[in-house]
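Given next are the chains, with one letter for each unit.
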Amino acid sequence: MMNLLERFQQNWKDNFHHLSTANCHLVLAVSGGLDSVVLMDLISKTGFNFCIAHCNFQLRGDESERDEQFVRSLATKYNKEIFVKSFNTKSYAEEKKLSIQEAARELRYTWFFELITSNLKPQTSNFVLTAHHADDNIETMLMFFFRGTGIHGLTGIPVYDKKRKLIRPLLFAAREDILAYANDNNLKWVEDSSNTSDKYTRNFFRNELLPAIGTHFPQAKDNLQRNISRFADAAELYRQAIQLQKKKLLEIKGNEVHIPVLKLQRAEPLDTIIWEIIREYGFHAHQVPEIKKLFTAENSSYVQSTSHRIIRNRKWLIIAPNAATEADLILIEADTKAIELNNGTLSLEVITTSNGQAQTSNFKHQTSNLSAHLDAKLI
């Protein structure tokens, strides 16, 4: 059976084979706790070039200062460059109306991204590594499940965030394996006293809920980890199916999206398809019933989000920016005789002639600056 170092190196080859010790530089997010200390030792023994990034959130008084000094000592031990950033997390949370945990997450990831995009090592690819592991993944999935989530929320923490160049190479490893590695290799770390407090939701799952479940289902963690993998596969199939539905239903017209009402009404499962169409335009899931009412609503009725409106326009639903009170484009069906506009009525008439030349005398309304003659063959 492979030890943790061997499993780590094999997992790296399986998931990040395009990133070698020769072509990338890593920024390790190190808090000083068990997980990040073990990650640093594994990365060092694998031979990667890396530096250390430490966030001091100034939330635990002397303990926060102790953690910073400990991480600085690790930089000396491994002979690596270190970057330290102090944050006034409480003020930021109050200003942005966030929880302390949300504020800390936002602050650290924004800073990490600034680090890797600041020409840290201009001749190589820079990536941020965090020490999230399998237990973190399970806790995250369960929190999403109980809060209420779609299938994507059940896929846990992504191993690679391409947009933020963020890698989590320890997601395969259980906390008990990480602890055993630290003890076997005589590694030292610091304990965060807030980890024992159940005032944070994650700690409740970690310290109370999962241990209680484990007394009845000893293999619960292993099963949940396997389920996360299955959910990820199911989410990918779901994504592909949604893309096919969108391709059938959506017509992009400039900055608008046009959806034929009758075609949408026949789509199944209807509520899910509507939600997947509207979610990227600022709408909420609870607005789906309102949008379904547009199927039988009067012309120009609409449902609004913070950024867009969905407008009933004859046989279509049209998603348009909020500034629009009606669609920029008017779709004219073959049997349309008249269209009511804000400043009048547009009348439509088809005239058939024997020689292909329409005379103005054929029209009910004589030629003026309010009329246009169009060749039907070109429409």
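Up top is the structure.
All figures in this text were calculated on a predicted structure; none of them were measured in a lab. (Residues numbered from 1 in each chain as written. Predicted model: local features only at pLDDT ≥ 70, side-chain atom pairs only at ≥ 80, totals over all residues. Heavy atoms only, no water.)

Undergrad: How should the overall build of the protein be read in this particular structure?
TA: When its secondary structure is counted, the protein shows twelve helices and 13 strands. Over its C-alpha trace the protein gives a radius of gyration of 30 Å, far above what one expects of a compact globule, namely 21 Å for 379 residues. With the C-alpha coordinates of the protein rotated into their principal frame, the extents come out at 100 × 55 × 45 Å. Residues classed as buried in the protein amount to 37% of the 379 residues present. Across the protein, every contact between residues at least 6 apart in sequence was considered, and the portion connecting residues at least 24 apart equals 59%. Side chains of the protein give 46 positive and 44 negative charges; the mean places of these two sets differ by 3 Å. (Helix = DSSP H or I, 4+ residues; strand = E, 2+ residues; numbered from the N terminus. Rg over C-alpha atoms; globule rule 2.2 N^0.38 Å. Buried < 20%, exposed > 50% of the residue type's maximum accessible area, 1.4 Å probe, protein only. Contact = heavy atoms within 4.5 Å. Lys, Arg positive; Asp, Glu negative; His and termini not counted. Charge placed at Lys NZ, Arg CZ, Asp CG, Glu CD.)

Undergrad: Teacher, can you tell me more about the pairing of strand S2 (residues 49-56) here?
TA: Along a regular strand, successive side chains alternate from one face of the sheet to the other. For S2, the buried fraction is high: seven of the eight residues fall into the buried class. Sheet analysis places S2 next to strand S3 (residues 82-86), joined by five bridges and oriented parallel. Its bridge partner being in S3, Ala 53 is matched across the sheet by Phe 83. Since S2 and S3 lie parallel, the crossover through helix H3 (residues 62-78) that links them has a hand, and here it is right-handed. (Pairing = 2+ DSSP bridges. Right-handed = clockwise from strand over helix to strand, strands pointing away.)

Undergrad: Sorry if this is basic, but what is going on with helix H5 (residues 100-116) here?
TA: The end-to-end C-alpha separation of H5 is 25 Å, in line with the 24 Å expected for 17 residues at 1.5 Å each. When we look at burial in H5, the residues that qualify are Ala 103, Ala 104, Leu 107, Tyr 109, Trp 111, Phe 112, Leu 115 and Ile 116. (Expected span 1.5 Å × (residues − 1).)

Undergrad: Can you help me understand the nonpolar core in this one?
TA: Most often, soluble globular proteins keep nonpolar side chains buried together rather than apart. In this structure, Trp 12, Leu 26, Val 38, Ile 43 and Leu 129 are the most contacted members of the largest nonpolar core, which totals 35 residues. Elements with a contribution of two residues or more to this core: helix H1 (4-16), strand S1 (24-29), helix H2 (34-46), S2, H3, strand S4 (125-129) and helix H7 (175-184). It is H2 that contributes the most residues to this core, seven residues altogether. The contact partners of Ile 43, leaving out residues within four places of it in the chain, are Phe 8, Trp 12, Leu 26, Leu 28, Phe 48, Phe 50 and Leu 129. (Core = buried A, V, L, I, M, F, W, Y, C linked by side-chain atoms within 4.5 Å.)

Undergrad: Just checking my understanding: could you explain the environment of Val 288 for this structure?
TA: Along the polypeptide, Val 288 turns up in helix H12 (residues 288-293). Classification of Val 288 by relative accessible area gives buried; the value is 5%. With 57 residues separating them in the primary sequence, Val 288 and Thr 345 have C-alpha atoms 32 Å apart. Discounting chain neighbours no more than four positions away, the residues touching Val 288 are Asp 271, Ile 274, Trp 275 and Ile 278.

Undergrad: Explanation requested: helix H6 (residues 134-147) in the structure shown.
TA: An α-helical segment advances 3.6 residues per turn. Residues three or four places apart therefore align on the same side. Taking 1.5 Å of rise per residue, 14 residues should cover 20 Å, and H6 covers 20 Å from first to last C-alpha, within 8% of that figure. The element H6 is largely enclosed, with a buried count of ten among its 14 residues. Burial in H6 covers these residues: Ala 134, Asp 135, Asp 136, Asn 137, Ile 138, Glu 139, Thr 140, Met 141, Leu 142 and Met 143. The inward-facing, buried residues of H6 abut H7, helix H8 (201-216) and helix H9 (220-249). A positive backbone phi angle near 105° is found at Gly 148, which sits one or two residues after H6.

Undergrad: What exactly am I supposed to notice about the pattern of salt bridges here?
TA: Two side chains with opposite charge may pair up if their charged atoms get near one another. Applying the stated criterion across every chain, the model contains 20 salt bridges. Notably, a salt bridge pairs Lys 221 with Asp 135, separated by 2.7 Å at the nearest N-O pair. Separated by 86 residues along the polypeptide, Lys 221 in helix H9 and Asp 135 in helix H6 bring together distant segments of the chain. Of the residues examined, Lys 221 reaches a relative accessible area of 39% and is grouped as partly exposed. (Salt bridge = Lys/Arg side-chain N within 4 Å of Asp/Glu carboxyl O.)

Undergrad: Could you clarify how one ought to interpret the sheet that holds S2 in this entry?
TA: For sheets, the rule is that strands pair by backbone hydrogen bonds, running either parallel or antiparallel. Spatially, the six strands line up as an open sheet ordered S3-S2-S1-S4-S6-S5, and their pairing is mixed. Looking along the sheet, the strands with just one partner apiece sit at the ends: S3 and strand S5 (160-161). As judged from the two bridges shared by S5 and strand S6 (residues 166-167), these two strands associate in the antiparallel manner. Of the residues in S6, the one forming a bridge with Asp 161 is Leu 166. Of the strands in this sheet, S1, S2 and S4 touch H2, which is tilted by about 160° from S1. (Axes fitted to C-alpha atoms, helices over the stretch in contact; angles between N-to-C directions.)

Undergrad: What exactly am I supposed to notice about the sheet that holds strand S9 (residues 302-304) here?
TA: Here five strands make up an open sheet; going across it, the order is S7-S8-S11-S10-S9 and the pairing antiparallel. On the outer flanks of this sheet lie strand S7 (251-253) and S9, each paired with one strand and no other. Looking at each pair of strands side by side, their axes are set apart by 20° on average, direction ignored. Direction of pairing for S7 relative to strand S8 (residues 256-260): antiparallel, over a ladder of three bridges. Counterpart to Glu 251 in the pairing with S8 is His 258.

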